[in-house]
Amino acid sequence: MLRRGALALLVPLRRHSAMATPPDRRFVVELAGSELVHFSLSDDDDNNNNRAPPRSFPPRPGRCYSFCLPAAGSPRERVRAARLHRLLQRRLSQEQPFGAGSAALALLSYSPHREAALERGFLVRDERRAPETERSVEELLRHLLPAPVHLAVYEVAEGGEVRCALWRLDGAAQGRQLVRRARVVAEEEPALHPAVAHLLDDAVFRSRGAARMVLEECTSLIPEAKAVLDLVDQCPQHPKKGDFPVIVIEGLDATGKTTLTQAVKDSLNAALLKSPPPSVSQWRKIFDDEPTLIRRAFYALTNYILASEIAKASSKSPVIIDRYWHSTAAYAVATEISGKVQNLPPLHHEVYHWPEDLLKPDVVLLLTVSPEERIRRLQGRGMEKTEEETELEANTFFRQKVEESYRRMENPTCQPVDASPSREEVLKAVLHLVKKQCRLP
């Protein structure tokens, strides 16, 4: 049974029905171990007959099924599509509608020649090749996605060749129409991950206005979005930093940020601020439960609310901040870019640059500890974990992408500080860096 809110997501997307796979369409799926597999569909009469099938795809003697949401253009369509994708993700991962022996993996469909054509979807692997899996996939798509829906079915043929049958499903009707049969062939990995071109203003917002446009489209869906926007509108557009230094302390959870920020505050007689600020922190759980587009827009705007507080506080004393823009950007990049560290945007990419309209700190310090030490500290905290913190613990590659994204930040950069020694030694090292780079009273 679908919730009324889920059905409401479908209406704005109906006029953007998915099209049959065009000739230049390519796909990438993340398998176990964060291995990325790139592939495309090839007709039997083209020149790709000697191309090899993709590795580890699909399982033998099983089948795979894939589908994508239509690409969305306007902020309203992007919000609706993102929430629908999140709903599908939950149905596939939490409710496990396909039974044992199946798994749903994130899938991207892209064109190497058209940046705006990125589509997000899923690939369902069924090791048992059970008839009920295909029926469950069809039922899910007919109820949740705008008609017509295109469902691709993959299986290994004799000789190891991978074949795909592309079917068109029309709404709630039980019938389906064969659109195309094709071979599945491996593709070379592109120079840039296909999601890189879509990071700006989809995950890492370059301005207050870009993030605001997204949250404006959420006010009828998420009542708290209006409250956040009201707070943002009370903040000056371009707050000016005072005469005292602003120091940001970044790092993964359990690297010692809370203890250190308090110690630095006491040592410098400084004001201590936190991102997100208390005025909006009560809504974190609500927005953490939303898709990346909405979640990142929320956190981006909280940085602008925090900037207003920084401007006031830095006119009276030094300011210490527990996380700021770099955290928002690093987690967003690591979440959106599948695979391993080498798939991140290259050094000096615009996604690593501080937004021009956001108040900039004087120093950004990045606390680091070994993975083993961080896990040991986490186990002793007993605190409720966010979805991203759970992912940090379970997925080594995700943690590596977050840490490397921090290191690639520019203007200002994140200066690493080893937080493994005693609290006194770490505090001494941090104060040395701060006094070396800032003019203190």
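Right above here is the structure, for reference.
Thresholds applied
- Residues numbered from 1 in each chain as written.
- Predicted model: local features only at pLDDT ≥ 70, side-chain atom pairs only at ≥ 80, totals over all residues.
- Heavy atoms only, no water.
- Pairing = 2+ DSSP bridges.
- Helix = DSSP H or I, 4+ residues; strand = E, 2+ residues; numbered from the N terminus.
- Axes fitted to C-alpha atoms, helices over the stretch in contact; angles between N-to-C directions.
- Contact = heavy atoms within 4.5 Å.
- Salt bridge = Lys/Arg side-chain N within 4 Å of Asp/Glu carboxyl O.
- Buried < 20%, exposed > 50% of the residue type's maximum accessible area, 1.4 Å probe, protein only.
- Phe/Tyr/Trp six-rings, centres within 6.5 Å; stacked < 30°, edge-to-face > 60°.
- Lys NZ or Arg CZ within 6 Å of the ring centre and 35° of its normal.
- Core = buried A, V, L, I, M, F, W, Y, C linked by side-chain atoms within 4.5 Å.
- Parallel < 35°, antiparallel > 145°, perpendicular 65-115°, else oblique.
- Left-handed = near helix turned anticlockwise from the far one by under 90°.
- Nonpolar A, V, L, I, M, F, W, Y, C, P; charged D, E, K, R; others polar.

## Description of the sheet that holds strand 13 (residues 415-418)
In sheet architecture, strand pairing relies on hydrogen bonds along the backbone and comes in two forms, parallel and antiparallel.
Here is step 1: Read from one edge to the other, the open sheet built from five strands follows the order 10-11-9-12-13, with strand pairing classed as parallel. Of all the strands in the sheet, just strand 10 (271-274) and strand 13 have a single pairing partner and so form its edges. If you compare each strand with its neighbour and ignore which way they point, the axes differ by 25 degrees on average.
Here is step 2: Inspection of the sheet shows strand 9 (residues 246-250) paired to strand 12 (residues 363-368) by four bridges, in the parallel sense. When the sheet's bridge partners are listed, I247 is paired in strand 12 with V363.
Here is step 3: Sheet strands in contact with helix 14 (residues 423-437) are strand 9, strand 12 and strand 13, and its direction is about 155 degrees off that of strand 13.

## Digging into the pattern of salt bridges
Pairing between side chains of opposite charge can happen when their charged atoms approach one another.
Here is step 1: Under the defined criterion, the tally for this structure stands at 31 salt bridges.
Here is step 2: For E187, the salt bridge identified is with R51, shortest N-O distance 2.8 Å. With E187 in the loop between strand 8 (176-186) and helix 4 (208-216) and R51 in the loop between strand 2 (36-42) and strand 3 (63-68), this pair connects stretches of sequence that are 136 residues apart.
Here is step 3: Among the residues examined, E187 registers a relative accessible area of 18% and is labelled buried.
Here is step 4: For K226, the salt bridge identified is with D230, shortest N-O distance 2.9 Å. Of this pair, K226 and D230 both sit in helix 5 (residues 223-233), four residues apart, roughly one helical turn.
Here is step 5: Ionic contacts of the salt-bridge type, sharing partners, join the residues R63, R129, E134, E138, R142, E155 and R176 into one network.

## Focus: the packing of aromatic side chains
Here is step 1: Under the definition given, this model contains nine aromatic pairs.
Here is step 2: Judged by centre distance (5.1 Å) and plane angle (65 degrees), the rings of Y324 and W354 are edge-to-face. Taken as a pair, Y324 in the loop between strand 11 (319-322) and helix 10 (325-336) and W354 in the loop between helix 10 and strand 12 lie far apart in primary sequence, 30 residues in all. Of the two residues examined, Y324 and W354, each falls in the buried class.
Here is step 3: Feature note: the residues F27, F39, F57 and Y154 constitute an aromatic cluster, connected by ring pairs.
Here is step 4: A cation over a ring is seen here: R176 above W167, with NZ or CZ 4.2 Å from the ring centre.

## Side note on the environment of A195
Here is step 1: Summarising the element assignment, A195 is placed in the loop between strand 8 and helix 4.
Here is step 2: For the pair A195 and E336, spaced 141 residues apart in sequence, the C-alpha to C-alpha distance is 7.0 Å.
Here is step 3: Excluding residues that lie within four positions of it along the chain, A195 makes contacts with L108, L118, E336 and I337.

## Side note on unusual backbone geometry
Here is step 1: Look at the link from S275 to P276: it is a cis peptide, with omega at -5 degrees.
Here is step 2: Position of P276 among the secondary structure elements: in the loop between strand 10 and helix 7 (278-281).
Here is step 3: Between N411 and the following residue, P412, the backbone shows a cis peptide bond with an omega angle of 10 degrees.
Here is step 4: Tracing the backbone through its elements, the reader meets P412 in the loop between helix 13 (396-408) and strand 13.
Here is step 5: Here the phi dihedral of S34 falls at roughly 60 degrees; this positive angle occurs in a residue that is not glycine.
Here is step 6: Looking at the element boundaries, S34 is found in the loop between strand 1 (26-30) and strand 2.

## Thoughts on the nonpolar core
Here is step 1: In terms of nonpolar packing, the biggest core is built from 44 residues, with I310, I321, Y324, V402 and Y406 touching the most fellow members.
Here is step 2: Sorting elements by how many residues they give to this core places helix 10 first, with seven residues.
Here is step 3: Grouped together as the second largest cluster of nonpolar side chains are 25 residues, A211, V214, L215 and W283 included.

## Here we look at the packing of helix 6 (residues 257-268) against helix 14
In a packed pair of helices, the relevant descriptors are the angle between the two axes and the axis-to-axis distance.
Here is step 1: Between helix 6 and helix 14, the least distance of the axes is 10 Å, while the angle of their chain directions is 55 degrees. Comparing the axis directions of helix 6 and helix 14 gives the class oblique. Crossing of helix 6 against helix 14: the hand is right-handed. Counting all contacts with helix 6, which are made through T259, L260, A263, V264, S267 and L268, the residues of helix 14 involved are R423, V426, L427, V430, L431, V434 and K435.
Here is step 2: Considering only residue class, the contact of helix 6 with helix 14 consists of nine nonpolar, two polar and two charged.

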